[in-house]
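Below, each chain spelled out in residue letters.
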Amino acid sequence: SLYFTPTDIAMQQLYHFKEVSGSTNYTTFDTGALLIFFIPYFFMAAITAGTLCPAGLFVPTLLAGSAFGRIVGHILNSAFAGYVTDSGTYALVGASALLGGMSRMTIAGTVIIL
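Just so it is clear, the structure is predicted and the values come from calculations on it, not from any experiment.

Novice: Where do I start with the environment of Gly 94 in this structure?
Specialist: With respect to the helices, strands and loops of the structure, Gly 94 is situated in helix 4 (residues 87-103). The exposure class of Gly 94 is buried, given its relative accessible area of 13%. C-alpha separation for the pair Gly 94 and Leu 62, spaced 32 residues apart in sequence, amounts to 8.3 Å. Excluding residues that lie within four positions of it along the chain, Gly 94 makes contacts with Gly 65, Ser 66 and Gly 69.

Novice: Teacher, can you tell me more about the confidence of the model for the chain here?
Specialist: Should the pLDDT be low somewhere, the predicted coordinates at that spot are not to be read in detail. Taken as a whole, the chain shows an average pLDDT of 80; of its residues, 88% reach a score of 70 or greater. When mean pLDDT is taken per element in the chain, helix 3 (residues 58-79) scores highest with 87 and strand 2 (residues 24-25) scores lowest with 54.

Novice: How should the packing of aromatic side chains be read in this particular structure?
Specialist: The full count for this structure, using the stated rule, is six aromatic pairs. Arranged with centres 6.4 Å apart and planes meeting at 25°, the rings of Tyr 3 and Tyr 41 form a pair that is stacked. Of this pair, Tyr 3 sits in the segment before helix 1 (7-16) while Tyr 41 is found in helix 2 (residues 31-51), placing the two residues 38 residues apart along the sequence. Using a relative accessible area of 19% as the deciding quantity, one classes Tyr 41 as buried.

Novice: Just to check I follow, could you spell out a nonpolar patch on the surface for this structure?
Specialist: A grouping of Leu 35, Ile 39, Phe 42 and Phe 43 is seen on the molecular surface, where their side chains present a nonpolar patch of about 350 Å² in accessible area. With respect to the helices and strands, the residue Ile 39 is situated in helix 2.

Novice: Help me understand the nonpolar core, please; the structure alone is not making it clear to me.
Specialist: For soluble globular proteins, the rule of thumb is that nonpolar side chains tend to be buried together. The biggest cluster of nonpolar side chains holds 18 residues, and the ones touching the most others in it are Leu 2, Leu 14, Leu 34, Phe 37 and Leu 63. Among the elements of the structure, helix 1, helix 2, helix 3 and helix 4 are those that each provide at least two residues to this core. With five residues, the top contributor of residues to this core is helix 3. Discounting chain neighbours no more than four positions away, the residues touching Leu 63 are Thr 7, Ala 10, Met 11, Leu 14, Phe 37 and Tyr 41.

Novice: Whenever I open this one, the packing of helix 3 against helix 4 confuses me. Can you help?
Specialist: The relative placement of two packed helices is expressed as an angle between their axes plus a distance between the axes. Between helix 3 and helix 4, the shortest axis-to-axis distance is 6 Å and the interhelical angle comes to 140°. In terms of orientation, helix 3 lies oblique with respect to helix 4. You can see that helix 3 and helix 4 cross each other, and the crossing is right-handed. A breakdown of the residues in the contact of helix 3 with helix 4 according to their chemical character gives 11 nonpolar, 10 polar and one charged.

Calculation criteria
Here the residue numbers are simple positions, counted from 1 along each chain's written sequence. The model is predicted, so local features are restricted to residues of pLDDT at least 70 and side-chain atom pairs to those at 80 or more, both for listing and for counting; the totals for chains, interfaces and linings are taken over all residues. Values reported for side chains reflect all heavy atoms of the structure, with hydrogen atoms and water molecules removed beforehand. A run of H or I in DSSP counts as a helix once it spans at least four residues, and a run of E counts as a strand once it spans at least two, with each numbered from the N terminus. Accessibility here uses a 1.4 Å probe with only protein chains present; expressed as a share of the type maximum, an area under 20% marks a residue as buried, one over 50% as exposed, and anything in between as partly exposed. In this analysis, two residues are considered to be in contact whenever any of their non-hydrogen atoms come within 4.5 Å of each other. Residue-level confidence of the predictor is summarised by pLDDT, bounded by 0 at the bottom and 100 at the top. Two rings from Phe, Tyr or Trp (for Trp, the six-membered ring) form a pair when their centres are within 6.5 Å of each other. A pair whose planes differ by under 30 degrees is stacked, one over 60 is edge-to-face, and the rest are tilted. In this scheme, patches are assembled from residues that exceed 30% relative accessible area and form no salt bridge. Like charges are connected within 9 Å, while nonpolar side chains (Val, Leu, Ile, Met, Phe, Trp, Tyr) are connected within 5 Å. Only the protein chains shown count as covering a residue, and every accessible area follows the Shrake-Rupley method with a 1.4 Å probe. What counts as a salt bridge is simple: a side-chain nitrogen of Lys or Arg found within 4 Å of a carboxyl oxygen of Asp or Glu. Among buried residues, those of type Ala, Val, Leu, Ile, Met, Phe, Trp, Tyr and Cys that are joined through side-chain atoms within 4.5 Å constitute a nonpolar core. All axes are obtained by fitting lines to C-alpha atoms, using only the stretch in contact for helices, and the reported angles, taken between N-to-C directions, cover 0 to 180 degrees. In these notes the angle categories are as follows: under 35 degrees is roughly parallel, over 145 is roughly antiparallel, 65 to 115 is roughly perpendicular, and the rest is oblique. Put simply, a crossing is left-handed when the front helix is turned counterclockwise from the back one by less than a right angle, and right-handed when it is turned clockwise. Lys, Arg, Asp and Glu make up the charged group, whereas Ala, Val, Leu, Ile, Met, Phe, Trp, Tyr, Cys and Pro make up the nonpolar group; the residues left over, Gly among them, are polar.

So, in structure tokens, the structure goes:
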């Protein structure tokens, strides 16, 4: 479960677990489980950003973005199997996009940070 692991292990799982390996399908995360993980993290980060208190938003934003990117990658892998890249790549793009939107950095800056 992504909730009960430390944040660095959760990010490693979201980025590095393979969706498809050869001719065998390994399902790592279900779309529903990723949605249950994404929605609270996203809303808690939004509420924390709106309270203007000094709190860390960097890692929760990375986790929420990588979960959303993994959802998109999982849906694309289910719809177009063999024609799209692994879901971990979409997780990296989602994390950099959400981090760039939250901190108002450019996408190049967020990719360099990641």
